[in-house]
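# A look at the structure
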Amino acid sequence: MSKIKAGIIGSTGYAGAELVRLLLAHPDVEIKWYGSRQYVDTPYADTYRNFFKLVDATCFDDNFDKLAEEVDVVFTATPQGYLGGILNEDILSKVKVVDLSADYRIKDVATYEKWYGIEHKSPKLIEEAVYGLCEINREDIKGKRLVANPGCYTTCSILSLFPLVEAGVVKEDGIIIDAKSGTSGAGRGAKVDNLFCEVNESMHAYGVTAHRHTPEIEEQLGYALGKSHAPLTIQFTPHLIPINRGILVTAYAKLSDPSISEDELRAIYKKRYENEYFIRLLPAGKLPDTRWVEGSNFVDINIKKDERTGNVVVMGALDNLVKGAAGQAVQNMNLIFGLKETAGLELVPMFP
């Protein structure tokens, strides 16, 4: 089998660079196009010197029509609205697309436009797009032309809560998600809020009651109750913390039956995820920690029942640039092309 030819649009952002790192080590892939509007004709290794003597290519522009003629799959690690503004049937007839933006994640166009504040230019393609959360939608992803790669907060939140919602053991209202992210989740662009002096020795909430990942989480958890079910309503609050990588989610839900035991709750998770390589259900008493998933495609999850309140507390941790972005995109590519799902992703977490 010849190698899959891949192109990356947005290769000089953090998620794009992580795609390069992962795909360079992938046994079945060859990167043919390092796309970057800002660094056209610049050697890629001049932008990220960790690739010195590993990548000798220069950055191309984002000529998607030309790119579609030269590769088998395109990864778009681009701002919201970019892909939605240029993608069409002609492009999709030539190449598979894994989109790391939110342009095709939300099925309702009005909801997307409300939360993202932009007009969707290709709404007819939304229905075709598959939400690329591999552990939930694996069979739907295989062979598809367009996959919407989930976001980092959403991946961690959905995977942490999905078994409980699917099993119907938590009440549908009152779910609270408290999430914390490293600064790389905000991207590589120069922003005052992301400067070292602004972030170091501090942490803060943002997007309170208005973060745009909220409807994505609600929609996907709603599907756990059946596709005809209206999305759940959740309370989602993200925080920025002074680390480079990592997402930590702590979610709270009211148990439908307060008499259900913690062992029974753990059994639900074990049954749902026991064959999922990238999801690690931790032993009782061991809590997820971002340092133990850094640089990997793993999600660490654990639960705790609060006997006093009748709530269940769910915790999840992942690397926002790997399972929360590039790693999941590679996992989706593997499914699309019928490769071993873990190919290029069997990475031991880095520590220290």
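For every chain, the first residue of its written sequence is number 1, and the numbers climb from 1 along that sequence. Where totals are concerned, whole chains, interfaces and linings use all residues; where local detail is concerned, this predicted model gives features only for residues with pLDDT of at least 70, and gives and counts side-chain atom pairs only at 80 or more. Just so you know, side-chain values use all the structure's heavy atoms and leave hydrogens and water out.

### Here's the deal with the packing of aromatic side chains
As a reminder, the rule being used: For Phe, Tyr and Trp, where Trp contributes only its six-membered ring, two rings pair if their centres lie within 6.5 Å, and the inter-plane angle classes them as stacked under 30 degrees, edge-to-face over 60, or tilted in between. A ring is considered to have a charge above it if a Lys NZ or an Arg CZ atom is located within 6 Å of its centre and within 35 degrees of its normal.
Applying the stated rule across the entire model yields 11 aromatic pairs. Within the aromatic cluster, the residues linked to one another by ring pairs are Tyr34, Tyr44, Tyr48 and Phe51. The ring centre of phenylalanine 298 lies 4.4 Å from the NZ or CZ of arginine 280, which sits over that ring.

### Considerations on the sheet that holds strand 3 (residues 73–76)
Pairing between the strands of a sheet is mediated by backbone hydrogen bonds and can be parallel or antiparallel. Heads up, the condition is: Only strands that DSSP links by at least two bridges are regarded as paired with each other. Working definition: helices are DSSP H or I runs of at least four residues, strands are E runs of at least two. Numbering for both runs from the N terminus.
Reading across the sheet, the six strands line up as 2-1-3-4-6-5 and stay open at both edges, with parallel pairing between neighbours. Every other strand in the sheet has two partners, leaving strand 2 (29–35) and strand 5 (130–131) as the edge strands with one partner each. Sheet topology note: the strand 1 (residues 4–9)/strand 2 ladder contains six bridges and is parallel. Bridging from a neighbouring strand, isoleucine 9 pairs with glycine 35 of strand 2.

### Describing the pattern of salt bridges
Oppositely charged side chains can pair when the atoms bearing their charge come close. Applied cut-off: Note on definitions: salt bridges are taken to be side-chain nitrogens of Lys or Arg within 4 Å of carboxyl oxygens of Asp or Glu.
Within this structure, the stated rule accounts for 22 salt bridges. The shortest N-O distance in the salt bridge between arginine 291 and aspartate 289 comes to 2.9 Å. A cluster of three or more residues bridged by salt bridges with shared partners is formed by Glu18, Arg21, Arg245 and Asp319.

### Looking at the packing of helix 8 (residues 152–167) against helix 10 (residues 214–223)
Using the following cut-off: A fitted line through C-alpha atoms represents every axis, and for helices the fit uses only the stretch in contact; the resulting angles, taken between N-to-C directions, go from 0 to 180 degrees. If an angle is under 35 degrees, it is roughly parallel; if it is over 145, roughly antiparallel; if it lies from 65 to 115, roughly perpendicular; otherwise it is oblique. Here a crossing is taken to be left-handed if its near helix is turned anticlockwise relative to the far helix by less than a right angle, and right-handed if that turn runs clockwise. Should any heavy atoms of two residues lie within 4.5 Å, those residues are counted as being in contact. Residues were grouped as follows: Ala, Val, Leu, Ile, Met, Phe, Trp, Tyr, Cys and Pro as nonpolar; Asp, Glu, Lys and Arg as charged; and all remaining residues, including Gly, as polar.
Between helix 8 and helix 10, the shortest axis-to-axis distance is 10 Å and the interhelical angle comes to 30 degrees. Taken as axis vectors, helix 8 and helix 10 run roughly parallel relative to one another. Taken as a pair, helix 8 and helix 10 cross one another with a handedness that is right-handed. Contacts between helix 8 and helix 10 pair Thr154, Ser157, Ile158, Leu161, Phe162 and Val165 from the former with Glu216, Ile217, Gln220 and Leu221 from the latter. Broken down by class, the residue content of the contact of helix 8 with helix 10 amounts to six nonpolar, three polar and one charged.

### Brief notes about unusual backbone geometry
The condition is simple: Between buried and exposed lies partly exposed: a residue is buried under 20% and exposed over 50% of the maximum accessible area for its type, with that area taken using a 1.4 Å probe on protein chains only.
Of note, the bond from phenylalanine 351 into proline 352 is cis; its omega dihedral lies within 30 degrees of zero at 0 degrees. Positive phi, normally seen in glycine, also occurs at aspartate 41, with a value near 70 degrees. Within the element layout of this structure, aspartate 41 appears in the loop between strand 2 and helix 2 (44–47). You can call aspartate 41 exposed: its relative accessible area is 63%. Residues other than glycine seldom take positive phi values, yet threonine 209 does so here, at roughly 65 degrees. Residue position: threonine 209 is located in the loop between strand 8 (204–205) and helix 10. According to the relative accessible area criterion, threonine 209 is exposed, its value standing at 57%.

### Re the packing of helix 8 against helix 11 (residues 262–273)
Put simply, helix 8 and helix 11 touch, their axes get as near as 10 Å, and they point 105 degrees apart. As summarised for this structure, helix 8 and helix 11 are arranged roughly perpendicular, according to the angle between their axes. Only Leu265, Ile268, Tyr269, Arg272 and Tyr273 of helix 11 make contact with helix 8, whose side of the interface consists of Leu159, Ser160, Leu161, Phe162, Pro163, Leu164, Glu166 and Ala167. Broken down by class, the residue content of the contact of helix 8 with helix 11 amounts to 10 nonpolar, one polar and two charged.

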